[in-house]
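The lines below spell out each chain.
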Amino acid sequence: MMGPSHALSGAAVWLAGSWALDTFAGYPQSPLTIAIGTAVCAGSALLPDLDLSGRVTANKGGATVAHTFGVVSLFLAEVIEKFSLGVYELTRGRKDPARVNGHRTLTHTLPFTALVGWGTTALCTAFGKWAVLGILFLTIGLALRGLFEHWAKRAGWLVVTLVSAGTALLAFRNLDGHRGYPMLGLAVGVGCLTHLLGDLITRAGVPILWPLSRKHRRWRMIGLPDSIAIRAGGTAEIVVLRGAFIAVALMAAAALVGPDLIRFFHAAD
Ligand SMILES: [Zn+2]
C-alpha cells in the first residue's frame, strides 16, 4: 500500500481500538489522549517504509515517509535500508534469494514491531519527557506527511518539521505522564503491525514469519495470491480501502467523543 493508505489505516485501527476498549473494557481516554494516540499510530504505520532509500545527494526517490524531514530522513532511510540488508544477508537461509536492497525485510517483521513498541515504552520510562517529546515529534511528522500528503508536498519539509515540533510540544505539555507513556509504545507497535497487515494484502507480501526457518528459507514473502491481492496504488486501494479506513475512523471518533460534545453543548445552554 502507499503512504497515505498506511497512515489512514493506522488512524482507523487506533480509533476503533480506543472505542472497543472504552465500550467493552471500560477504559475511557480523554479526547486529547485519543488524538495523540491516533496521530502516533498513524505516523508509526509509515515507520516500516523508512527502509526504502532514495538518492540522498539528489534528494530524490525513497518512500513518502523518507521525505518527511528532508534529506535528514532520506539519509536515515539509507542507513536503515543498508542495515536491514545486512541483517538479511546474515540470517538468510540457503534458499533465500540474493538481494541488493533491504526494502521489505527487517522493518517488515513481527520482531521489529515488538522491538519498536517495547523500545518506545522503555525509552519513555528511562528518559522521561525528552524521549516522549522526540517520539511525538517523529511520529506526528510522519502522520502529517501521510495523512495530508498534498499539503505536505506543497508546504515542504521545513514547514512539516516546524508544524510537527509545535504540535509535539503542545501534545506533550497536556499528556498525562504515567498513563500516557505505555500508551505511546502501544500506539507505535500497533501502527507498525497495521503497516505489515496492509502490505500483506498487496502482491509483494511481507516476511512476517522471520526468523522462523522453513524449507531453508527464513525470508519467505507472505501475501495474498496474485488473483485477489491489492495492487499498490490501484483503484481498489485508493477508493475502496481508503474509503473504508476513513469511514471506520470517523464512526469510531464520533462514538468516542460524540457524547462528550453533546454534553458540552447542553451544559453551555
Ligand atoms: Zn511497507
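Residues numbered from 1 in each chain as written. Predicted model: local features only at pLDDT ≥ 70, side-chain atom pairs only at ≥ 80, totals over all residues. Heavy atoms only, no water.

**Quick look at the coordination of the zinc ion**
The condition that has to hold: Metal donors: N, O and S atoms at distances within 2.8 Å, or within 3.2 Å for Na, K and Ca, with water omitted from the atom set so that some sites may seem incomplete. Note on geometry labels: four donors, all angles 85 to 135 degrees, give tetrahedral; four donors become square planar and six octahedral when opposite donors are over 155 degrees apart and every other angle is between 65 and 115; remaining cases are irregular. The secondary structure listing takes helices from DSSP runs of H or I that are at least 4 residues long and strands from runs of E that are at least 2 residues long, numbered from the N terminus.
Surrounding the zinc ion are the protein donor atoms Asp49 (OD), His108 (NE2), His195 (NE2) and Asp199 (OD), which sit 2.0 to 2.3 Å from the metal. In this structure, the zinc ion is surrounded by 4 donor atoms whose angles at the metal cover 91 to 172°, and the resulting shape is irregular. Taken in sequence order, the residues that donate to the zinc ion follow the motif D-x58-H-x86-H-x3-D. Taken together, the residues aspartate 49 in the loop between helix H2 (31–44) and strand S1 (54–55) and aspartate 199 in helix H7 (residues 177–200) connect sequence positions 150 residues apart.

**Side note on the pattern of salt bridges**
Rules: Salt bridges are defined by distance alone: a side-chain nitrogen of Lys or Arg within 4 Å of a carboxyl oxygen of Asp or Glu.
Applying the stated rule across the entire model yields 7 salt bridges. In this structure, the salt-bridge partner of arginine 104 is aspartate 199, at a minimum N-O distance of 3.4 Å. Taken as a pair, arginine 104 in the loop between helix H3 (71–91) and helix H4 (110–127) and aspartate 199 in helix H7 lie far apart in primary sequence, 95 residues in all. Between lysine 153 and glutamate 149 there is a salt bridge whose closest N-O contact spans 3.8 Å. Of this pair, lysine 153 and glutamate 149 both sit in helix H6 (residues 149–174), 4 residues apart, which is roughly one turn of that helix.

**Regarding the environment of threonine 194**
Our working definition: It only takes one pair of heavy atoms within 4.5 Å for two residues to be counted as in contact.
Inspection of the secondary structure puts threonine 194 in helix H7. The spacing of threonine 194 and threonine 113 is 81 residues in sequence and 9.8 Å in space, taken between C-alpha atoms. When sequence neighbours within four positions are dropped, the list of residues in contact with threonine 194 reads Ser9, Gly10 and Val13.

**A look at unusual backbone geometry**
Basically, it comes down to this: For every residue, the accessible area obtained with a 1.4 Å probe (protein chains only) is divided by the maximum for its type, and the residue is called buried under 20%, exposed over 50%, and partly exposed between those limits.
The omega torsion of the bond from tryptophan 210 to proline 211 falls at 5°, within 30 degrees of zero and hence cis. Mapped onto the fold, proline 211 is located in the loop between H7 and helix H8 (235–268). Positive phi, close to 50°, is recorded for lysine 215, a residue that is not glycine. By the element assignment, lysine 215 lies in the loop between H7 and H8. One non-glycine residue, histidine 216, lies in positive phi territory at about 60°. Within the secondary structure, histidine 216 is located in the loop between H7 and H8. Given the relative accessible area of 39%, histidine 216 is considered partly exposed.

**Examining the state of the cysteines**
Here is the rule we go by: Disulfides are defined as cysteine sulfur pairs within 2.5 Å.
According to the stated counting rule, one finds 0 disulfides in the structure shown. Cysteine cysteine 124 shares no disulfide, and the gap to the nearest cysteine sulfur, in cysteine 192, comes to 14 Å. Cysteine 124 sits in the buried class, given a relative accessible area of 0%. Among the cysteines around cysteine 192, which has no disulfide bond, cysteine 41 carries the closest sulfur, lying 8.9 Å off. You can call cysteine 192 buried: its relative accessible area is 0%.

**Here we look at the environment of leucine 196**
Note that leucine 196 resides in helix H7. Relative accessible area serves as the criterion here: at 0%, leucine 196 is assigned to the buried category. Separated by 169 residues in the primary sequence, leucine 196 and tyrosine 27 place their C-alpha atoms 27 Å from one another. Setting aside residues no more than four positions away along its own chain, leucine 196 makes contact with Thr107, His108, Thr109, Leu110, Thr113, Val206 and Ile208.

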